[in-house]
Amino acid sequence: MTSQGVSLTKQAYALTDDLMTPNAAVYWVDMIVSVALMWGGLYVAATTGVLAIGLVAGLVSVLALYRALSFIHELTHIRDDEAPGFRVGWNILVGVPLMTPSLMYEGVHNIHHIKDRFGTALDPEYMPLSRFTPLGLAGFLFVALLAPLGVILRSAILVPLSFAVPPLRRYLKTKLSALIINPDFVRDDLNRWRAAWVVQDVACWLWSWAVIAATVAGWLPLRAVLTGLLIFSLATFLNQARTLVAHHWDNEGGKMTLDEQFLDSVNVPPPNLASELWAPVGLRYHALHHLLPRLPYHNLGKAHARLTAALATDSIYHQASEKGLFEALGDLFRRVGQKQPAT
């Protein structure tokens, strides 16, 4: 509670009620531009003979791919009528080509926002990472480089096999169809599995086989494939670094109050401008997002400015910000290093 005796959530909603409606045009333009830069950067990086140009193009492609892929988060918070066709369009342009369809976040991410599950063993996106050893934390970070190989294995081998082997299909749905942090999480929505999700799985399967066949046949240059995999790996690594600073990761499984959940989450707002690149599509306002999950990404900056100006100096809202990525990562690794490894 704030010093005025009104909950932070109520104050935040009162100050931002007019910002809750998504602008479909913003979603479409942002996503299409990101996709164009992703593929354009990949093409230049995979074909140029000039190293400097290739590196710049590759960096553009990494950031654009990361931004385009990050819209999967928005898909879990907007209704289809708020951005007509956007879910299907995103899956066609981003989800299927990257073999990371929206089914892997829909029905999963929303659990992270259930107040009685946040930070508990039932939360798919939480682990007490601050209790890890420095080596374990580094392992958590660098394993993200293998994500592209994981989605290829899932799409090209496990999905087609799962249609012939029912137990594998069940395992695929419950354990291999979710973007999670908590390895013990099991999807329990088998009875609510949608036809659209099956279509997404089949589309990823056919796309993966088409890319493999084109590469083997020599129609798709190996350099382009390897460049694409490298760009994808670097983007997932950047997202994993961003994930490490999205929370303080101090909870050990107990239920948390709403204030505790907010304070465990992190904003990296202006004047840090680089956070727009490494935490795109509103992800740099992660604490604010936990406060107002329905607030569309393109209005988070406005909402943050309002709350910062309007809330009293003793409001906990002012305690949720970090200065930057490296400062937040450094703080996490320092806290981890100061703790004795679990025995």
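Nothing here was measured: the structure is a model prediction, and the numbers come from that model.

K.L.:
Hey, could you run me through the packing of aromatic side chains in this one?
P.N.:
One pair of aromatic rings is described through two measures. These are the centre distance and the angle between the planes. Scanning all chains against the criterion turns up 13 aromatic pairs. Through successive ring pairs, a cluster of aromatic residues spans Tyr27, Trp28, Phe71, Phe86 and Tyr297.

K.L.:
Honestly, helix H8 (residues 166-175) in this entry has me stumped. Any pointers?
P.N.:
Because each turn of an α-helix spans 3.6 residues, side chains separated by three or four positions end up pointing in the same direction. Considered for burial, the residues of H8 that qualify are Arg169, Leu172, Lys173 and Thr174. If you follow the buried residues of H8, they end up packed against helix H7 (147-164) and helix H9 (195-216).

K.L.:
Got a minute to help me understand the packing of H7 against H8 in this structure?
P.N.:
Helices that pack against each other are described as a pair by the angle of their axes relative to one another and the distance between those axes. Between H7 and H8, the shortest axis-to-axis distance is 6 Å and the interhelical angle comes to 130 degrees. Regarding the angle of H7 to H8, the classification is oblique. Regarding H7 and H8, the two cross each other, and that crossing is left-handed. In this structure, H7 uses Arg154, Leu158, Val159, Leu161, Ser162, Phe163 and Ala164 to contact H8, whose residues at the interface are Pro166, Leu168, Arg169 and Leu172. Per-class residue counts for the contact of H7 with H8 are eight nonpolar, one polar and two charged.

K.L.:
Sorry if this is basic, but what is going on with unusual backbone geometry here?
P.N.:
With the exception of glycine, most residues fall at negative phi, and the peptide bonds are largely trans. Of the consecutive residues Pro270 and Pro271, the connecting peptide bond is found in the cis state with omega at 15 degrees. Position of Pro271 relative to the elements: it lies in the loop between helix H11 (258-263) and helix H12 (275-278). Positive phi, close to 55 degrees, is recorded for Met99, a residue that is not glycine. With respect to the helices and strands, the residue Met99 is situated in the loop between helix H4 (86-95) and helix H5 (109-112).

K.L.:
How should the side chain of Ser102 be read in this particular structure?
P.N.:
With respect to the helices, strands and loops of the structure, Ser102 is situated in the loop between H4 and H5. Ser102 sits in the buried class, given a relative accessible area of 0%. Residues within four places of Ser102 in sequence aside, it is in contact with Ile72, Leu75, Arg87, Trp90, Asn91 and Gln200.

K.L.:
Sorry if this is basic, but what is going on with the packing of helix H2 (residues 24-47) against helix H10 (residues 222-244) here?
P.N.:
As a packed pair, H2 and H10 sit with axes 9 Å apart at the nearest point and diverge in direction by 125 degrees. Our classification of the angle between H2 and H10 gives oblique. Taken as a pair, H2 and H10 cross one another with a handedness that is right-handed. Along the contact surface, H2 presents Leu42, Ala45, Ala46 and Thr47, while H10 presents Arg223, Ala224, Thr227, Gly228 and Ile231. A per-class count over the contact of H2 with H10 returns five nonpolar, three polar and one charged.

K.L.:
Explanation requested: the nonpolar core in the structure shown.
P.N.:
Inside soluble globular proteins, nonpolar side chains tend to come together where they are buried. Of all hydrophobic cores here, the largest spans 72 residues; its most connected members are Phe86, Trp90 and Leu288. With nine residues, helix H3 (residues 51-75) is the single largest residue contributor to this core. The contacts of Phe86, once residues within four sequence positions are left out, are Tyr27, Trp28, Met31, Phe71, Leu75 and Ile78.

K.L.:
How do you make sense of the pattern of salt bridges when you look at a structure like this?
P.N.:
Where charged atoms from two side chains of opposite charge approach closely, those side chains can pair. Summed over all chains, the structure comprises 16 salt bridges. Notably, a salt bridge pairs Arg306 with Asp18, separated by 2.7 Å at the nearest N-O pair. With Arg306 in helix H14 (residues 300-310) and Asp18 in the loop between helix H1 (8-16) and H2, this pair connects stretches of sequence that are 288 residues apart. Residue classification places Arg306 among the partly exposed residues on the basis of a relative accessible area of 32%. Here Glu82 ties to Arg294 by a salt bridge, and the two come within 2.6 Å at their closest N and O atoms. Taken together, the residues span a long stretch of sequence, with Glu82 in the loop between H3 and H4 and Arg294 in the loop between helix H13 (286-291) and H14 at a distance of 212 residues. Classification of Glu82 by relative accessible area gives buried; the value is 13%.

K.L.:
What is the right way to look at the confidence of the model for the protein in this model?
P.N.:
The predicted structure's coordinates, where accompanied by low pLDDT, should not be read in detail. In the predicted model, the protein carries a mean pLDDT of 94, and 97% of its residues have values of at least 70. Contacts from residues 1-5, a stretch scored under 50 in pLDDT, to residues over four places away or in other chains number ten contacts.

K.L.:
Is there a simple way to think about a nonpolar patch on the surface in this case?
P.N.:
A contiguous nonpolar surface patch, about 410 Å² in accessible area, is contributed by Val29, Val33, Leu37, Val56 and Val60. Mapped onto the nonpolar patch, the elements with two or more residues apiece are H2 and H3. At three residues, the largest contribution of residues to the nonpolar patch is made by H2. Relative to the elements of secondary structure, Leu37 occurs in helix H2. On the accessibility criterion, Leu37 (43% relative accessible area) is partly exposed.

Cut-offs and rules
- Residues numbered from 1 in each chain as written.
- Predicted model: local features only at pLDDT ≥ 70, side-chain atom pairs only at ≥ 80, totals over all residues.
- Heavy atoms only, no water.
- Phe/Tyr/Trp six-rings, centres within 6.5 Å; stacked < 30°, edge-to-face > 60°.
- Buried < 20%, exposed > 50% of the residue type's maximum accessible area, 1.4 Å probe, protein only.
- Helix = DSSP H or I, 4+ residues; strand = E, 2+ residues; numbered from the N terminus.
- Contact = heavy atoms within 4.5 Å.
- Axes fitted to C-alpha atoms, helices over the stretch in contact; angles between N-to-C directions.
- Parallel < 35°, antiparallel > 145°, perpendicular 65-115°, else oblique.
- Left-handed = near helix turned anticlockwise from the far one by under 90°.
- Nonpolar A, V, L, I, M, F, W, Y, C, P; charged D, E, K, R; others polar.
- Core = buried A, V, L, I, M, F, W, Y, C linked by side-chain atoms within 4.5 Å.
- Salt bridge = Lys/Arg side-chain N within 4 Å of Asp/Glu carboxyl O.
- pLDDT = per-residue confidence, 0-100.
- Patch = residues over 30% accessible without salt bridge, like charges linked within 9 Å, V, L, I, M, F, W, Y side chains within 5 Å.
- Areas by Shrake-Rupley, 256 points an atom, 1.4 Å probe, with all protein chains shown as cover.

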